[in-house]
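Okay, here's what each chain looks like letter by letter:
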Amino acid sequence: MLIRTQAIQQIIVTAEQMRQIEARVFAAGMPVEALMEKVAGLIARRVATLYPDTRQQIGVLVGPGHNGGDALVVARELHFKGFAVSLYCPFSTLKNLTAKHQRYCKELGMRFVEAIEALQACDLLIDGLFGFGLERSLNDAIAATVNQINQWSQPIVSIDLPSGLHTDTGVVLGTAVRATHTLCLGLWKQGLLQDQALDHVGRVELIDFDLPLADIWAVLGNPPAIQRITPAHAIAHLPLVRPATAHKYKMGHVLLICGSHRYAGGALLTALGARASGAGMLSIAVPQTLKTILTAQLPEALVWGCKETASGAIAQLPDEIDLDAYDAIACGPGLTTDATTVVQQVLQQKQTIVLDADGLNILAQMGTLPTLQQRQAPTVITPHFGEFKRLFPDHAEPMLCRITATQVAAAQSGAIVLLKGARVAIANAEGAVRINPESTAALARGGSGDVLTGLLGGLLAQAIATPLPAQTVLDSVQAGVWWHAQAGTLAMQERTILGVDAFTLSQYLIPALKQMQAIIAKDVGY
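These numbers come from a predicted model, not from an experiment. (Residues numbered from 1 in each chain as written. Predicted model: local features only at pLDDT ≥ 70, side-chain atom pairs only at ≥ 80, totals over all residues. Heavy atoms only, no water.)

J.: Help me understand the nonpolar core in this model?
T.: Note that soluble globular proteins tend to have their nonpolar side chains buried in a common cluster. V47, V60, L78, L119 and L187 are the most contacted members of the largest nonpolar core, which has 74 residues in total. Here this core gets eight residues from one element, more than from any other, and that element is helix α3 (residues 32-50). Here V47 is in contact with L78, L124, I126, V157 and L183, once residues within four sequence places are set aside. (Core = buried A, V, L, I, M, F, W, Y, C linked by side-chain atoms within 4.5 Å. Buried < 20%, exposed > 50% of the residue type's maximum accessible area, 1.4 Å probe, protein only. Helix = DSSP H or I, 4+ residues; strand = E, 2+ residues; numbered from the N terminus. Contact = heavy atoms within 4.5 Å.)

J.: How should the sheet that holds strand β19 (residues 425-427) be read in this particular structure?
T.: Strand pairing in a sheet takes place through backbone hydrogen bonds and is either antiparallel or parallel in direction. Judged by pairing direction, the sheet is mixed, and its 11 strands sit side by side in the order β10-β20-β19-β18-β17-β16-β15-β11-β12-β13-β14 without closing on themselves. Only two strands of the sheet have a single partner each, and these edge strands are β10 (226-228) and β14 (314-316). The mean inter-strand angle of the sheet, taken between neighbouring strand axes irrespective of direction, is 25°. As paired strands, strand β18 (residues 416-419) and β19 are joined by three bridges and run antiparallel to one another. Pairing of V417 across the sheet is with A427, part of β19. Contacts from helix α18 (residues 448-465) reach β11 (253-257), β15 (328-331), β16 (352-355), β17 (379-381) and β18 within the one sheet, and its direction differs from that of β16 by about 170°. (Pairing = 2+ DSSP bridges. Axes fitted to C-alpha atoms, helices over the stretch in contact; angles between N-to-C directions.)

J.: Explain α18 to me, please; I cannot follow it from the model alone.
T.: Since the α-helix packs 3.6 residues into each turn, any two residues three or four apart lie on the same face. Compared with the 26 Å implied by 1.5 Å per residue over 18 residues, the 26 Å span of α18 between its first and last C-alpha is a close match. The element α18 is extensively covered by neighbouring structure, given that 16 of its 18 residues are classed as buried. (Expected span 1.5 Å × (residues − 1).)

J.: Hey, could you run me through the packing of aromatic side chains in this one?
T.: Aromatic ring pairs are described here by two measures, namely the spacing of the ring centres and the angle between the planes. Inspection of every chain in the model, using the stated rule, returns two aromatic pairs. Measuring from ring centre to ring centre gives 5.9 Å for F91 and F130, while their planes differ by 85°; the resulting arrangement is edge-to-face. One end of the pair, F91, is in the loop between β3 (84-88) and α5 (96-107); the other, F130, is in the loop between β5 (124-128) and α6 (140-151), and 39 residues separate them in sequence. Owing to a relative accessible area of 19%, F91 belongs among the buried residues under this scheme. (Phe/Tyr/Trp six-rings, centres within 6.5 Å; stacked < 30°, edge-to-face > 60°.)

J.: I keep staring at the environment of N139 and nothing clicks. Help me out?
T.: Within the element layout of this structure, N139 appears in the loop between β5 and α6. Given the relative accessible area of 45%, N139 is considered partly exposed. Separated by 35 residues in sequence, N139 and G174 have C-alpha atoms that sit 8.8 Å apart. In terms of polar contacts, N139 uses its side chain to reach the backbone amide nitrogen of I142, at 2.9 Å. (Polar contact = N/O pair within 3.5 Å; in protein donor to acceptor, adjacent residues only side chain to side chain.)

J.: What's the story with the environment of A232 in this structure? I'm lost.
T.: With respect to the helices and strands, A232 occurs in helix α9 (residues 231-236). Taking the relative accessible area as the measure of exposure, A232 reaches 19% and is therefore buried. Spatially, the C-alpha atoms of A232 and A315 are 43 Å apart, while their sequence positions differ by 83 residues. Setting aside chain neighbours within four positions, we find A232 in contact with Q6 and I520.

Below, the structure written as structure tokens:
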């Protein structure tokens, strides 16, 4: 059961994929009516758990399709549990099964109202207007209804998706319900993991109604190309187990190339991220005038002072640095574009590299696709949206779907593309995509990305030096992204959303990992 739960939590589907999976289930003999009863019963139990006071009045918005049918069965079950339920259905034509449930609710004497204003006195609203598959904007009357309930203060529970969101892109189709909770049905819908949806979905939970894995794999493949990052999977790909004979030269050697007079902090923050990764050896190349600062802050690191340009950037790497000696190289934070020669040199190496910040700006100037396509070793690039636009101008505007944009960019460039945002999307050249489903706006601070770059560099160095069975670069990158977000979340919980500067973030990496290890060991919630 635990294996199934973990697998289901990773799966992401589009509307068309969900239709195909359900079609297989129905073709195998599962009656639509039986599935609706099962699903709606699970929803009703979850709503009653979230809002257990039966004295509360619940208003239910009923749509014309099977999402509306679900809503009617939920309303009926909550009515049987003792809640005072009022139903609002602004549609004259309903699907046959939905119409049957509406007639039964009326036969039970349940209250139907003619105007949405009648639900304003309710303590809770349930949104069952539209589920997955909506592709056109809500009509004026329904849009007005949605806008009206959004102005009220009641919590709103949306069934499957908030009505008005596109299932795949998360784009708001004119207007959309701003839910307090979204109870996603069966499998995670892709649109719920897009940045543009987050203002509407509230807290999202999956209602697993036991879709057969065989039918899921038949449609999506095993493993599916697009997956959510789960805690258990992320931790499994972190270097948390070492052989008894381990020593520093076997535990990965990472080189960081970063910093300038103008952005001295970028070097330190990148180094702090790499330190937390546990890499056996940490080397840092910085402008000569920063060497003393870095040595004082990280006495265990090997710090190389480099010749500087007139602006205080790295002009060239010392002849003593043998780039071939490192397992991985992380390059970019704080460099400025005056370090173009250095970035060009790094891109010619055969090591795995992580490229961020000014490393990406220099890459864009060099020509993203021809430069990356010539690389013989894995390249991880970590752009935010502005950097992505410079790197891949043909795919950035309009970016309706971050997942598709990242997937296309990775396929064309041959790199692993990590598109930063509220929901980080990571794709490799083979079409695999990983989405980090949880993070915090507390990470919207300068320097947070520098910490991530160092962390990824250190993890990749270890993965290359002491590879886990079947470990890939993508596995290490998604584990690092998840870990970074967990550190931000823990720091936010303890210090408020204003208290997570980048230095503080680096200090929470190990406490966050320790906390999540303990949770997973108890199998709580995963």
